[in-house]
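# Descriptive analysis of the structure
If you want the building blocks of each chain, they are given just below.
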Amino acid sequence: MMKKHDEREWDRRGFLKCMAWVGTGAVWTMTSGVLKGMSLEQAARSAMMRHGMEAGGLRFVQISDSHIGFNKAANADVTATLRDAVAKIKSASEQPSFVLHTGDLTHLSKPEEFDTLQQVLTDLSLPVFYVPGEHDVLNDDGKSYLARFGKNTKGAGWYSFDQGGVHFVGLVNVLNLKAGGLGTLGDEQLEWLERDVKGLSSSTPIVVFAHIPLWSVYPEWGWGTDDSARALSCLKRFGSVSVLNGHIHQVMQKVEGHVTFHTAMSTAFPQPAPGSAPSPGPMKVEADRLKKVLGLARMSFHDVNHPIAITDVPLENEMNTAAGAAQQVVVDNFSFAPATTAVAVGTTITWTNRDDVPHNVVSTEKKFASPVLDTDEQFSHSFDAAGTYKYYCSIHPKMTGQVVVE
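Parameters and conventions
Residues numbered from 1 in each chain as written. Predicted model: local features only at pLDDT ≥ 70, side-chain atom pairs only at ≥ 80, totals over all residues. Heavy atoms only, no water. Helix = DSSP H or I, 4+ residues; strand = E, 2+ residues; numbered from the N terminus. Expected span 1.5 Å × (residues − 1). Contact = heavy atoms within 4.5 Å. Buried < 20%, exposed > 50% of the residue type's maximum accessible area, 1.4 Å probe, protein only. Polar contact = N/O pair within 3.5 Å; in protein donor to acceptor, adjacent residues only side chain to side chain. Axes fitted to C-alpha atoms, helices over the stretch in contact; angles between N-to-C directions. Parallel < 35°, antiparallel > 145°, perpendicular 65-115°, else oblique. Left-handed = near helix turned anticlockwise from the far one by under 90°. Nonpolar A, V, L, I, M, F, W, Y, C, P; charged D, E, K, R; others polar. Phe/Tyr/Trp six-rings, centres within 6.5 Å; stacked < 30°, edge-to-face > 60°. Pairing = 2+ DSSP bridges. Core = buried A, V, L, I, M, F, W, Y, C linked by side-chain atoms within 4.5 Å.

With that out of the way, let us pick up helix α5 (residues 187-198). Under the 1.5 Å per step criterion, the end-to-end length of α5 is 16 Å for 12 residues, consistent within 8% with the ideal 16 Å. Tucked inside the fold, the buried residues of α5 contact β8 (159-163), β9 (166-170) and α6 (228-233).

Rendered as structure tokens:
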């Protein structure tokens, strides 16, 4: 077990746990092999949302786990929350190039559920690239899914494409699930993957997307892929590899060398954190809190050698808009939570260090700087002008955050 002060391993399983349980999507960009992201809500309101965010950048959106057809207590109208995701995408000042859906489009693989999913996403007027979840292949080994979404793919629906200098690979790991529920890719698909990337330059940025995580999030619940090591071995020579998954309905991430793993939030319902309940599955929250846990996600790389930074923004904004109101940011596990705080002009933010090592809070533009904060010490700053204020810990510079003042 790693100690808490080890900046590379932030919990007992060796990955950073962060964010709320469920959300509606993330806008991604790829520039010079560096993957960045922001919540759809922020994209809609931010002046940063130019084409690709940076010159030559590629912007795309990831959504996951729509579970169309689910109508239980955790969310009685999953179609409405998927429409919310679509609305966030459409409200961006400039549209992304395409959308990735990382599986569990439907809940029971019924034709009418696929129909509804297609109808809702047609409103985007954007290309959508899919991979199936286990809920999409329940009745016929995925034949219905393939007929609708798998044209021109290989085998059970795997494929690749290139966009903006980036090589995208969609993998299928939800067929022939083993006892315990671990995903599996299989020899045929793995051999195809080896051939697919063989001719690529090692400087080519790679984005892999599949439903079940390609890393061991929580094997006890089947949250991992049994033969993922062989897939990752095909990619180890590349300088920038990003692996995007769904399935677990919450954001978690891990960085190993040049590979960043990220699991996406759902548009349908939350699931419990690993090991926090007897089993995974839809988790009911209070009706007035549902849209507070249907969050959005912001992902950003500062460079390919640093772990991805992830921010959760609830679908229903919880920021206190009263002038002079106070907001809290907790410093823990070598991260700022929330990493992005949206507030009104006149708000005072207080940072509290809950870590067992010292940190500080330093504005990247030298607008403010805290003293060194030991455990439980605090620093406060009032924001009196609109803008985006980025900050970091100068002792541990990979720790970053920002305050958006509206």
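Secondary-structure assignment places H211 in the loop between β10 (206-209) and α6. According to the relative accessible area criterion, H211 is buried, its value standing at 0%. Of note is the side chain of H211, whose polar atom sits 3.2 Å from the side chain of D104.

Helix-helix packing is characterised by the crossing angle of the two axes and by the distance between the axes. For the pair helix α2 (residues 78-90) and helix α3 (residues 111-122), the least separation of the axes is 9 Å and the interaxial angle reads 25°. One element, α2, and the other, α3, form an angle in the roughly parallel class. The interaxial crossing formed by α2 with α3 has right-handed handedness. Touching T79, L82, R83 and V86 of α2 are T116, L117, V120 and L121, all from α3. Within the contact of α2 with α3, the residues separate by chemical class into 5 nonpolar, 2 polar and 1 charged.

Mapping F383 onto the fold places it in strand β21 (residues 378-383). Using a relative accessible area of 1% as the deciding quantity, one classes F383 as buried. F383 sits 39 residues away from A344 along the chain, and the two C-alpha atoms are 8.3 Å apart.

As a further point, take the packing of aromatic side chains. Tallied over the full model, the rule gives 24 aromatic pairs. Ring centres 5.3 Å apart and planes at 10° place the aromatic pair F60 and F98 in the stacked group. One end of the pair, F60, is in strand β5 (residues 58-63); the other, F98, is in the loop between α2 and β6 (99-101), with 38 residues separating them in the sequence. Accessibility expressed as a relative area gives 1% for F98, which makes it buried. Look at F98 and F161: their rings are 5.6 Å apart centre to centre, the planes differ by 85°, and that puts the pair in the edge-to-face class. Of the two residues, F98 is situated in the loop between α2 and β6 and F161 in strand β8; the sequence distance between them amounts to 63 residues.

Looking now at the pairing of β5. The buried fraction of β5 is high, at 6 of 6 residues. Taking every second residue as pointing to the same face, both faces of β5 are buried, with L58, F60 and Q62 on one and R59, V61 and I63 on the other. Looking at chain direction, β5 and β6 are connected through 3 bridges and run parallel. Looking across to β6, one finds that Q62 is bridged to L100.

So, on to the nonpolar core. Among the nonpolar cores identified, the biggest contains 34 residues, and L171, L193, V208 and L235 are the most heavily contacted of them. If one sorts the elements of this core by residue count, α5 sits on top with 4 residues. Discounting chain neighbours no more than four positions away, the residues touching L193 are V169, L171, A231 and C234. Judged by nonpolar contacts, the second largest core, of 23 residues, contains V61, A74, I89 and L124.

We now examine unusual backbone geometry. Geometrically, the link from A337 to P338 is a cis peptide bond, its omega value of -5° lying close to zero. Tracing the chain through its elements places P338 in the loop between β17 (335-337) and β18 (340-343). The backbone of H247 shows a phi angle near 80°, a positive value even though the residue is not glycine. Within the secondary structure, H247 sits in the loop between β11 (241-245) and β12 (252-256). Here H247 falls in the buried class, since its relative accessible area comes to 10%. The phi angle at H249 is positive, at roughly 60°, despite the residue not being glycine. Within the secondary structure, H249 sits in the loop between β11 and β12.

Any functional reading would require information beyond the geometric quantities listed.
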